[in-house]
Amino acid sequence: MNQDRIRIAIQKKGRLNNDSLTLLRCCGIKFRVQANDLYCFSENLPIDLLFVRDDDIPTLIADDICEFGIVGDNVLQEFELNNPTAKLTRLKALDFGQCRLSIAVPNNWSNNKLNSLNNKRIATSYPALLQQFLNKNNIEANIIRLSGSVEIAPQLDIADAICDLVSTGKTLEENNLRELVVVMQSQAQLIKNNKNLNQTQQDICDLLLRRINGVQKANESKYIMFHAPTNSLTEICNLLPGAETPTILPLEGYQDKMAVHAVASEGVFWVTLEKLKQAGASSILVMPIEKMLD
Ligand code: PRP
Ligand code: ZN
């Protein structure tokens, strides 16, 4: 193994796979992945990608088989509860893979109170997180450990309730289940172990983090352009969300109107555009920003 490269573990199949690859591509890492590849090498940076089950990612990093990984808080915290001495660092929350771990019950469950779970069987792939939640809430229930298809457990009478990830809620709905309580919120994290990197690896790590910051900032930001009456420029510029120093340019042939260009660092919503228009702005254009570097 070349010591000057870094290895990043990525989910092979599932909710995080696509967004993880998109983020790395937006960071300028070039690679070609084929359907059943277990790993691939970047063509332009000393980075290797390993495609694995998300549940295996924390172990691969703790065992130093990979330096980095992209994994949900849910899998990470379950691992940490089961391996209290393993030292994994969250380098960056990645703003994708948002979901929640929830306890769900059949639609006909008549009680909304938490203590209705007492002495019941709850199926889950997250036994440690569930146990911690039950302890905190003084509930005694029987945890049934399942590695997949948790949502069908009540229909098969393997369990009375489940504790599983909910993203859109579609899976619960399809299985006649409803959320009783949220155990935790989760999103994708870039993680690392606490082993020291050599200088070359550290430089790649810094480059990766810098670029991820740039991608996140660009995703949140919009470039906005409009025409504004000269006498209401200040009022109008104050309506721009998170734009520090707009560029104000003369408009050929007009004395009483200027062109305003600005980067808005927060989402630009229809309400903002309508307010700008009411204040006298016209020809309003909002454009996505592809890359940003301070
Ligand atoms: C989760 C969960 C449900 C589904 C919920 O699986 O186990 O099956 O997502 O999503 P929904 O609310 O949008 O229907 P995931 O894709 O994370 O797979 P994994 O648990 O095998 O990692
Ligand atoms: Zn999984």
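Everything below is about the structure shown above.
Nothing here was measured: the structure is a model prediction, and the numbers come from that model.

(A) Focus on the overall build of the protein chain. When you go through the protein chain residue by residue, the secondary structure sums to 8 helices and 15 strands. Relative to the 2.2 N^0.38 estimate, which gives 19 Å for 294 residues, the radius of gyration of the protein chain is 25 Å and therefore markedly larger than a compact globule would have. Each principal axis of the C-alpha atoms in the protein chain carries an extent, and together these give about 75 × 55 × 35 Å. Considering the protein chain as a whole, with its 294 residues, one finds that 45% of them fall into the buried category. Within the protein chain, counting contacts between residues at least 6 apart in sequence, those at least 24 apart form 69% of the total. Split by element, the accessible area of the protein chain, about 16,300 Å² in all, is 48% carbon and sulfur. Both charge centroids of the protein chain, one from 30 positive and one from 34 negative side chains, sit 1 Å from each other.

(B) Representation of the site of ligand 1. Taken together, the neighbourhood of ligand 1 is formed by Q11, R15, D54, E151, D164, L165, V166, S167, T168, G169, K170 and T171. Between ligand 1 and T171 there is a distance of 2.5 Å, counted from an oxygen atom to a side-chain nitrogen or oxygen. Here ligand 1 has 510 Å² of accessible area as a free molecule, and 70% of this is covered by the chains. More than half of the atoms belonging to ligand 1 lie within 2 Å of the grid points that define the largest pocket. Contributing elements (two or more residues each) for the shell around ligand 1: β9 (161-166) and α5 (170-174). In terms of residue count, β9 provides more of the shell around ligand 1 than any other element does, 3 residues in total. Within the shell around ligand 1, the residues separate by chemical class into 2 nonpolar, 5 polar and 5 charged.

(C) Expanded view of the coordination of the zinc ion (ligand 2). D54 (OD) and D55 (OD) make up the full set of protein donors to the zinc ion (ligand 2), lying at 2.3 to 2.6 Å. Of the residues examined, D55 reaches a relative accessible area of 35% and is grouped as partly exposed.

(D) Seen up close, helix α1 (residues 17-26). Taken as a whole, α1 has its buried residues at N17, S20, L21, L23 and L24. With its buried residues spanning 160° around the axis, α1 presents them on a single face. Next to the buried residues of α1 lie β1 (6-11), β3 (47-52), β4 (68-72) and α6 (199-220). One or two residues past the end of α1 sits G28, with phi positive at roughly 85°.

(E) Up close: α6. Here α6 spans 32 Å end to end across 22 residues, near enough to the 32 Å set by a 1.5 Å rise per residue. Here α6 has its buried residues at Q201, I204, C205, L207, L208, L209, I212, G214, V215, Q216 and A218. At the N-terminal end of α6, a side-chain oxygen is found 3.1 Å from the backbone nitrogen of T200, two or three residues along, and the residue is N198.

Procedures and definitions
Residues numbered from 1 in each chain as written. Chains lettered and ligands numbered in written order. Predicted model: local features only at pLDDT ≥ 70, side-chain atom pairs only at ≥ 80, totals over all residues. Heavy atoms only, no water. Helix = DSSP H or I, 4+ residues; strand = E, 2+ residues; numbered from the N terminus. Rg over C-alpha atoms; globule rule 2.2 N^0.38 Å. Buried < 20%, exposed > 50% of the residue type's maximum accessible area, 1.4 Å probe, protein only. Contact = heavy atoms within 4.5 Å. Areas by Shrake-Rupley, 256 points an atom, 1.4 Å probe, with all protein chains shown as cover. Lys, Arg positive; Asp, Glu negative; His and termini not counted. Charge placed at Lys NZ, Arg CZ, Asp CG, Glu CD. Near = heavy atom within 4 Å. Polar contact = N/O pair within 3.5 Å; in protein donor to acceptor, adjacent residues only side chain to side chain. 1 Å grid on protein atoms, 1.4 Å probe; cavity = no way out; pocket = protein on both sides within 12 Å on 5 of 7 lines; lining within 4 Å. Sits in = over half its atoms within 2 Å of the grid points. Nonpolar A, V, L, I, M, F, W, Y, C, P; charged D, E, K, R; others polar. Donors = N, O, S within 2.8 Å, 3.2 Å for Na, K, Ca; no water. Arc of directions from axis to C-beta. Expected span 1.5 Å × (residues − 1).

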